[in-house]
Amino acid sequence: MLHVEHVHKTFFAGTINEKVALQDLSLHLAPGDFVTVIGGNGAGKSTMLNSIAGVFSIDSGKITIDGVDITKTPEHKRAKYIGRVFQDPMMGTAAGMMIEENLAIAARRGQTPGLKWSLNEKDHDWFVEMLKELDLGLENRMTARVGLLSGGQRQALTLLMATIKRPKLLLLDEHTAALDPKTAAKVLALTERIVDRDKLTTLMITHNMRDALRYGNRLIMMYNGRILVDVAGEEKKNLTTQDLLQMFEKAAGNTLDSDRLLLG
């Protein structure tokens, strides 16, 4: 479904600040794959997601989603294929608009604006039912400004907005990192429920090794812009954090500073 083929990306090429972010990166996801992505700072995790999302262009390689070559497609045109939730709860929503207005915009992602964009009673009832599934009481606050919501409420709403159109690909860029542990656990449980229910093909970056092992059917670990570890199915289910560290050390030839990965 997702094919990333031999992608290279270097920032500030030819300068003293040159940084090779992705090195001949290839990654294939089957429909319905839920892949967790882990690695230290500078491993290339966010660069990979940004490349897929079209935030910036790649130097070489090819990216396709569901058979469509999007390598040179601008970010805004990839929106009809991709849903995304960011680390910062302030991103992904319009703070000054009401909850129902945000949902209306998300429900029309990829469409050309027109007179039919106004909110109707059918939309309102649909949004209420979706919000009830969050179990946060937001269905009773449809006219509340999103900027007044807590970080956890806002991130749950953003997740709902990112998946409302059942995207071909869902990108989660450390989407619980800014939340307290209790709220993060709730958002992760909600994530798992939505992904499983809608069979969404998903890439989820996390700094928490335990979360990477617990969620999804496949795990990849990145280092220096490359994928060093790729495990799935029963092999992933049986892994411990120590097993994962040993696999990394064998592949990379050095020791990973795992404090944040273990405790994040």
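Computed from a prediction, not measured in an experiment: that's the story for all the values here.

Each value, and the rule that gives it
- Numbering of residues starts from 1 in every chain and runs along the sequence as written.
- Since the coordinates come from a predicted model, pLDDT governs what is reported: local features require at least 70, and pairs of side-chain atoms require 80 or more to be given and counted, while whole-chain, interface and lining totals use all residues.
- Hydrogens and water are ignored here; the side-chain numbers use all heavy atoms of the structure.
- Counting from the N terminus, the helices are DSSP H or I runs at least four residues long and the strands are E runs at least two residues long.
- C-alpha atoms define the radius of gyration in this analysis, and the globule rule sets the expected value at 2.2 Å times the number of residues to the power 0.38.
- Partly exposed residues are those whose accessible area sits between 20% and 50% of the maximum for their type, while under 20% is buried and over 50% is exposed, using a 1.4 Å probe and protein chains only.
- What makes two residues a contact is simply this: any of their non-hydrogen atoms within 4.5 Å.
- Computed by Shrake-Rupley with a 1.4 Å probe, the accessible areas treat only the displayed protein chains as cover when residues are assessed.
- His is not counted, nor are the chain ends; Lys and Arg add positive charge and Asp and Glu add negative charge.
- By convention, charge coordinates are those of NZ in Lys, CZ in Arg, CG in Asp, or CD in Glu.
- Axis lines are fitted to C-alpha atoms, over the contacting stretch for helices. Their N-to-C directions set the angle, which ranges from 0 to 180 degrees.
- Roughly parallel refers to an angle under 35 degrees, roughly antiparallel to one over 145, roughly perpendicular to one between 65 and 115, and oblique to any angle outside these ranges.
- Just so you know the grouping, Ala, Val, Leu, Ile, Met, Phe, Trp, Tyr, Cys and Pro go in nonpolar, Asp, Glu, Lys and Arg go in charged, and all remaining residues, Gly too, go in polar.
- For two strands to be treated as a pair, DSSP must find at least two bridges joining them.
- One side-chain nitrogen of Lys or Arg within 4 Å of one carboxyl oxygen of Asp or Glu is enough to make a salt bridge.
- Grid spacing is 1 Å over the protein atoms alone, the probe is 1.4 Å, and a cavity is where that probe fits but cannot get out, while a pocket is an open set with protein on both sides within 12 Å along at least five of seven lines and lining residues have an atom within 4 Å of a point.
- Grid points are joined across faces, edges and corners, and a volume is the space filled by probe spheres set on the points.

1. Structural notes on the overall build of the chain
Now for step 1: Counting its secondary structure elements, the chain contains 10 helices and 10 strands.
Now for step 2: Compactness check: the chain gives a C-alpha radius of gyration of 19 Å against a globular reference of 18 Å for 264 residues, within 12% of the reference.
Now for step 3: Projecting the C-alpha coordinates of the chain onto the three principal axes gives extents of approximately 60 × 40 × 35 Å.
Now for step 4: Within the chain, the fraction of its 264 residues that count as buried is 48%.
Now for step 5: In the chain, the share of contacts with a sequence separation of at least 24, taken over all contacts with a separation of at least 6, comes to 67%.
Now for step 6: Of the roughly 13000 Å² of accessible surface on the chain, a fraction of 51% belongs to carbon and sulfur atoms.
Now for step 7: For the chain, the distance from the average site of its 33 positive side-chain charges to the average site of its 32 negative ones is 4 Å.

2. What to know about the packing of helix H3 (residues 99-107) against helix H4 (residues 121-134)
Now for step 1: Direction vectors running N to C along H3 and H4 enclose 100°, while the axes themselves pass 10 Å from each other. Accordingly, the angle class assigned to the pair H3 and H4 is roughly perpendicular. Counted together, Ile99, Glu100, Leu103, Ala104 and Ala107 of H3 and His124, Trp126, Phe127 and Leu131 of H4 form the full contact between these two elements.
Now for step 2: A class-by-class count of the residues in the contact of H3 with H4 yields 7 nonpolar, 1 polar and 1 charged.

3. Remarks on the environment of Gly44
Now for step 1: Along the chain, the position of Gly44 falls in the loop between strand E3 (34-38) and helix H1 (45-53).
Now for step 2: Separated by 180 residues in sequence, Gly44 and Asn224 place their C-alpha atoms 6.5 Å apart.
Now for step 3: Apart from residues no more than four positions distant in its own chain, Gly44 is found in contact with Ala21, Leu22 and Met222.

4. Brief notes about the sheet that holds strand E2 (residues 19-29)
Now for step 1: Within the open sheet, the 4 strands sit side by side as E2-E1-E4-E5. Their pairing is antiparallel. The sheet is open, and its two borders are formed by E2 and strand E5 (68-69), each paired with just one other strand.
Now for step 2: Pairing between strand E4 (residues 60-65) and E5: 2 bridges, direction antiparallel. Among the inter-strand pairings, Thr64 is bridged to a residue of E5, identified as Asp69.
Now for step 3: Its contacts with the sheet put H1 on strand E1 (2-11), E2 and E4, and the angle it makes with E2 is roughly 65°.

5. A closer look at the pattern of salt bridges
Now for step 1: The full count for this structure, using the stated rule, is 11 salt bridges.
Now for step 2: With a closest N to O distance of 3.5 Å, Arg218 and Asp33 form a salt bridge. Taken together, the residues Arg218 in strand E9 (residues 218-223) and Asp33 in the loop between E2 and E3 connect sequence positions 185 residues apart.
Now for step 3: Note on Arg218: relative accessible area 11%, which makes it buried.
Now for step 4: Residue classification places Asp33 among the buried positions, given a relative accessible area of 12%.
Now for step 5: With a closest N to O distance of 3.5 Å, Lys237 and Glu234 form a salt bridge. Taken as a pair, Lys237 and Glu234 lie in helix H8 (residues 233-237) at a separation of 3 residues, close to a single helical turn.
Now for step 6: What makes Lys237 exposed here is its relative accessible area of 64%.
Now for step 7: It is possible to trace a salt-bridge network through shared partners that takes in Glu133, Arg166, Arg197 and Asp198.

6. Focus on the layout of surface pockets
Any empty space left between atoms is shown by rolling a water-sized probe over those atoms.
Now for step 1: Space inside the largest pocket adds up to approximately 460 Å³.
Now for step 2: What lines the largest pocket is a set of 18 residues, among which Ala79, Ile82, Arg84, Phe86 and Arg109 lie closest to the centre.
Now for step 3: If you list the elements that add at least two residues to the lining of the largest pocket, you get helix H2 (75-78), strand E6 (82-85), H3 and helix H5 (151-163).
Now for step 4: Of the residues contributing to the lining of the largest pocket, the split by class is 9 nonpolar, 5 polar and 4 charged.

7. Regarding the pairing of E6
Now for step 1: The alternating pattern of E6 places Ile82 and Arg84 on one face and Gly83 and Val85 on the opposite face, and all of these are buried.
Now for step 2: Bridging between E6 and strand E7 (residues 169-173) involves 4 bridges; their strand directions are parallel. Looking at E7, one finds that Val85 is bridged to Leu172.

8. Here's the deal with the sheet that holds strand E8 (residues 202-205)
Now for step 1: Judged by pairing direction, the sheet is mixed, and its 6 strands sit side by side in the order E6-E7-E8-E3-E9-E10 without closing on themselves. The open sheet has two free edges, formed respectively by E6 and strand E10 (226-232), since each of these has just one partner strand. Mean inter-strand twist for the sheet, computed between neighbouring axes without regard to direction, equals 20°.
Now for step 2: In the sheet, E7 pairs with E8 via 4 bridges, with the strands oriented parallel. The residue bridging Asp173 from the neighbouring strand is Ile205, located in E8.
Now for step 3: Contacting E9 and E10, helix H9 (residues 241-252) runs over the sheet at an angle of about 140° to E10.

Keep in mind these numbers describe shape, not what the thing actually does.
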